[in-house]
Amino acid sequence: METNRSPLSRSRVATRLPAGDLDRARRFYAEQLGLEPVDERPGGLLYRCGNVDFVVFRSTGTSPGSFTQMAFEVDDLDAVVRELRRRGVAFEDVDAPGFRTRDGIAEIEGNYPSKGARGERAAWFRDSEGNLLGIGQPTR
(Lines give C-alpha, C1' and ligand atoms only; values in the text may rest on other atoms or scores of the structure.)
Protein backbone atom coordinates (compact mmCIF):
# COMPACT_ATOMS: atom_id res chain seq x y z
CA MET A 1 0.00 0.00 0.00
CA GLU A 2 1.26 3.45 -0.89
CA THR A 3 1.99 5.48 2.23
CA ASN A 4 0.18 8.59 0.94
CA ARG A 5 -2.87 6.71 -0.22
CA SER A 6 -5.76 6.07 2.14
CA PRO A 7 -7.10 2.53 2.37
CA LEU A 8 -10.51 4.12 1.83
CA SER A 9 -9.52 5.33 -1.65
CA ARG A 10 -10.31 1.87 -3.06
CA SER A 11 -13.55 1.36 -1.15
CA ARG A 12 -17.07 1.64 -2.48
CA VAL A 13 -19.07 4.53 -1.08
CA ALA A 14 -22.69 4.31 -0.02
CA THR A 15 -24.91 7.08 1.24
CA ARG A 16 -27.74 7.06 3.78
CA LEU A 17 -30.87 9.19 3.47
CA PRO A 18 -33.28 9.60 6.39
CA ALA A 19 -37.02 9.02 5.98
CA GLY A 20 -39.72 9.93 8.46
CA ASP A 21 -42.14 7.65 6.58
CA LEU A 22 -40.46 4.70 4.86
CA ASP A 23 -43.60 3.67 2.92
CA ARG A 24 -43.99 7.20 1.53
CA ALA A 25 -40.30 7.23 0.59
CA ARG A 26 -40.62 3.83 -1.16
CA ARG A 27 -43.54 5.17 -3.23
CA PHE A 28 -41.59 8.31 -4.17
CA TYR A 29 -38.49 6.41 -5.28
CA ALA A 30 -40.64 3.93 -7.26
CA GLU A 31 -43.18 6.30 -8.81
CA GLN A 32 -41.15 9.47 -9.33
CA LEU A 33 -37.65 8.04 -9.89
CA GLY A 34 -38.49 4.57 -11.21
CA LEU A 35 -36.21 2.88 -8.64
CA GLU A 36 -36.97 -0.29 -6.70
CA PRO A 37 -35.00 -1.52 -3.69
CA VAL A 38 -32.59 -4.39 -4.33
CA ASP A 39 -32.85 -5.42 -0.69
CA GLU A 40 -34.73 -4.38 2.40
CA ARG A 41 -34.74 -4.91 6.10
CA PRO A 42 -36.96 -3.57 8.87
CA GLY A 43 -36.36 0.15 8.85
CA GLY A 44 -34.33 0.38 5.64
CA LEU A 45 -34.42 0.07 1.85
CA LEU A 46 -31.26 -0.60 -0.16
CA TYR A 47 -31.07 0.79 -3.70
CA ARG A 48 -28.33 0.32 -6.29
CA CYS A 49 -27.56 2.70 -9.15
CA GLY A 50 -24.61 1.63 -11.26
CA ASN A 51 -22.05 0.37 -8.76
CA VAL A 52 -23.15 2.65 -5.91
CA ASP A 53 -25.56 1.77 -3.13
CA PHE A 54 -27.75 4.07 -1.12
CA VAL A 55 -30.05 3.33 1.77
CA VAL A 56 -33.25 5.11 2.72
CA PHE A 57 -33.73 4.45 6.41
CA ARG A 58 -36.48 5.13 8.93
CA SER A 59 -35.44 8.05 11.10
CA THR A 60 -37.06 10.14 13.77
CA GLY A 61 -34.57 12.95 13.13
CA THR A 62 -35.04 15.66 10.57
CA SER A 63 -33.23 15.89 7.28
CA PRO A 64 -30.90 18.90 6.98
CA GLY A 65 -32.04 19.32 3.38
CA SER A 66 -30.12 22.57 2.79
CA PHE A 67 -27.31 20.95 0.75
CA THR A 68 -27.11 18.19 -1.84
CA GLN A 69 -27.26 14.94 0.09
CA MET A 70 -26.93 12.65 -2.93
CA ALA A 71 -26.43 13.23 -6.64
CA PHE A 72 -26.79 11.19 -9.80
CA GLU A 73 -24.36 11.74 -12.70
CA VAL A 74 -26.14 11.33 -16.04
CA ASP A 75 -25.22 11.52 -19.73
CA ASP A 76 -28.27 13.55 -20.86
CA LEU A 77 -29.50 15.96 -18.19
CA ASP A 78 -32.27 17.43 -20.35
CA ALA A 79 -33.79 14.00 -21.05
CA VAL A 80 -33.61 12.98 -17.38
CA VAL A 81 -35.18 16.25 -16.20
CA ARG A 82 -37.99 15.89 -18.77
CA GLU A 83 -38.70 12.31 -17.67
CA LEU A 84 -38.65 13.14 -13.97
CA ARG A 85 -40.96 16.13 -14.54
CA ARG A 86 -43.30 13.79 -16.42
CA ARG A 87 -43.27 11.58 -13.32
CA GLY A 88 -44.20 14.54 -11.10
CA VAL A 89 -40.81 15.62 -9.74
CA ALA A 90 -40.62 19.37 -8.97
CA PHE A 91 -37.19 20.95 -9.45
CA GLU A 92 -35.77 23.55 -7.08
CA ASP A 93 -34.82 27.09 -8.02
CA VAL A 94 -31.27 27.70 -6.83
CA ASP A 95 -29.53 31.06 -6.63
CA ALA A 96 -26.02 30.47 -5.30
CA PRO A 97 -22.68 32.27 -5.71
CA GLY A 98 -21.49 31.53 -9.24
CA PHE A 99 -24.68 30.07 -10.67
CA ARG A 100 -28.45 30.28 -10.83
CA THR A 101 -30.97 27.81 -12.21
CA ARG A 102 -32.93 28.72 -15.32
CA ASP A 103 -35.93 26.51 -16.00
CA GLY A 104 -34.60 24.22 -13.25
CA ILE A 105 -31.10 23.75 -14.70
CA ALA A 106 -27.86 25.49 -13.69
CA GLU A 107 -24.67 25.88 -15.72
CA ILE A 108 -21.71 25.68 -13.33
CA GLU A 109 -18.34 26.58 -14.78
CA GLY A 110 -15.21 24.94 -13.41
CA ASN A 111 -16.84 21.96 -11.68
CA TYR A 112 -14.85 18.73 -11.75
CA PRO A 113 -11.89 19.45 -14.05
CA SER A 114 -10.43 16.10 -12.92
CA LYS A 115 -13.21 14.43 -14.92
CA GLY A 116 -12.02 16.25 -18.02
CA ALA A 117 -14.97 18.61 -17.77
CA ARG A 118 -15.02 22.39 -18.14
CA GLY A 119 -18.08 22.52 -15.92
CA GLU A 120 -21.34 20.85 -15.09
CA ARG A 121 -25.02 21.25 -15.84
CA ALA A 122 -27.10 20.42 -12.78
CA ALA A 123 -30.61 20.32 -11.35
CA TRP A 124 -31.95 19.67 -7.84
CA PHE A 125 -35.15 18.29 -6.36
CA ARG A 126 -36.40 17.05 -3.00
CA ASP A 127 -37.55 13.54 -2.30
CA SER A 128 -40.70 12.84 -0.30
CA GLU A 129 -38.72 13.21 2.93
CA GLY A 130 -37.15 16.60 2.18
CA ASN A 131 -33.72 15.25 1.20
CA LEU A 132 -32.12 17.45 -1.46
CA LEU A 133 -31.02 15.31 -4.43
CA GLY A 134 -29.07 16.46 -7.46
CA ILE A 135 -28.57 15.41 -11.04
CA GLY A 136 -25.42 16.46 -12.86
CA GLN A 137 -23.91 16.18 -16.34
CA PRO A 138 -20.28 17.14 -16.83
CA THR A 139 -19.82 19.56 -19.75
CA ARG A 140 -16.88 18.96 -22.01
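So, how was this worked out
- Residues numbered from 1 in each chain as written.
- Predicted model: local features only at pLDDT ≥ 70, side-chain atom pairs only at ≥ 80, totals over all residues.
- Heavy atoms only, no water.
- Helix = DSSP H or I, 4+ residues; strand = E, 2+ residues; numbered from the N terminus.
- Buried < 20%, exposed > 50% of the residue type's maximum accessible area, 1.4 Å probe, protein only.
- Contact = heavy atoms within 4.5 Å.
- Areas by Shrake-Rupley, 256 points an atom, 1.4 Å probe, with all protein chains shown as cover.
- Lys, Arg positive; Asp, Glu negative; His and termini not counted.
- Charge placed at Lys NZ, Arg CZ, Asp CG, Glu CD.
- Pairing = 2+ DSSP bridges.
- Axes fitted to C-alpha atoms, helices over the stretch in contact; angles between N-to-C directions.
- Arc of directions from axis to C-beta.
- Phe/Tyr/Trp six-rings, centres within 6.5 Å; stacked < 30°, edge-to-face > 60°.
- Salt bridge = Lys/Arg side-chain N within 4 Å of Asp/Glu carboxyl O.
- pLDDT = per-residue confidence, 0-100.

### Focus on the overall build of the protein chain
Alright, step 1. Regarding its fold elements, the protein chain presents two helices and 10 strands.
Alright, step 2. Dimensions along the principal axes, computed over C-alpha positions, put the protein chain at roughly 45 × 45 × 25 Å.
Alright, step 3. Each of the 140 residues in the protein chain was classed as buried or not, and the buried ones make up 39%.
Alright, step 4. In the protein chain, the proportion of contacts linking residues at least 24 apart, taken out of those at least 6 apart, comes to 52%.
Alright, step 5. Put simply, the protein chain shows about 8700 Å² of open surface, and 48% of that area lies on carbon and sulfur atoms.
Alright, step 6. Between the averaged position of the 21 positive side-chain charges in the protein chain and that of its 22 negative side-chain charges there is a distance of 3 Å.

### A closer look at the pairing of strand E4 (residues 52-58)
Alright, step 1. Here strand E1 (residues 14-19) pairs with E4 via six bridges, running parallel. Pairing of Pro18 across the sheet is with Phe57, part of E4.

### Re the sheet that holds strand E5 (residues 70-73)
Alright, step 1. Spatially, the four strands line up as an open sheet ordered E5-E10-E9-E8, and their pairing is mixed. Single-partner strands in this sheet number two, and they are E5 and strand E8 (106-109). When the angles between neighbouring strand axes are averaged without regard to direction, this sheet yields 30°.
Alright, step 2. Two strands pair when backbone bridges link them, and E8 and strand E9 (residues 119-126) are joined in this way by four bridges, in the antiparallel orientation. Its bridge partner lying in E9, Ala106 is registered against Ala122.

### Focus: helix H2 (residues 77-86)
It helps to recall that an α-helix has 3.6 residues per turn; residues three or four apart then point in one direction.
Alright, step 1. Within H2 the residues assigned to the buried category are Leu77, Val81 and Leu84. One side of H2 carries all its buried residues, which in axial view fall inside an arc of 70°. Away from its buried face, by an angle of more than 90 degrees, H2 presents the exposed residues Arg82 and Arg86.

### Some points on the packing of aromatic side chains
Any pair of aromatic rings gets described here by the distance separating the centres and the angle formed by the planes.
Alright, step 1. What the rule picks out here adds up to seven aromatic pairs.
Alright, step 2. When the centroid spacing of 5.5 Å and the interplanar angle of 80° are considered together, the rings of Phe28 and Tyr29 count as edge-to-face. Like Phe28, the residue Tyr29 is buried in the burial classification.
Alright, step 3. Among the aromatic side chains, those forming a connected cluster through ring pairs are Phe28, Tyr29, Tyr47, Phe54 and Phe72.

### Examining the pattern of salt bridges
Alright, step 1. Under the criterion given, the structure shown has 10 salt bridges.
Alright, step 2. The salt bridge involving Arg48 is made with Asp53; its shortest N-O contact spans 2.6 Å.
Alright, step 3. In this structure, Asp78 and Arg121 form a salt bridge, with 3.1 Å as the shortest nitrogen-oxygen distance. With Asp78 in helix H2 and Arg121 in strand E9, this residue pair connects regions lying 43 residues apart in the sequence.
Alright, step 4. Classification of Arg121 as buried rests on a relative accessible area of 15%.

### As for the confidence of the model for the protein chain
Alright, step 1. Overall, the prediction assigns the protein chain a mean pLDDT of 87, with 91% of residues at 70 or greater.
Alright, step 2. Ranking the elements of the protein chain by mean pLDDT puts strand E6 (residues 95-96) last with 82 and helix H1 (residues 22-31) first with 97.

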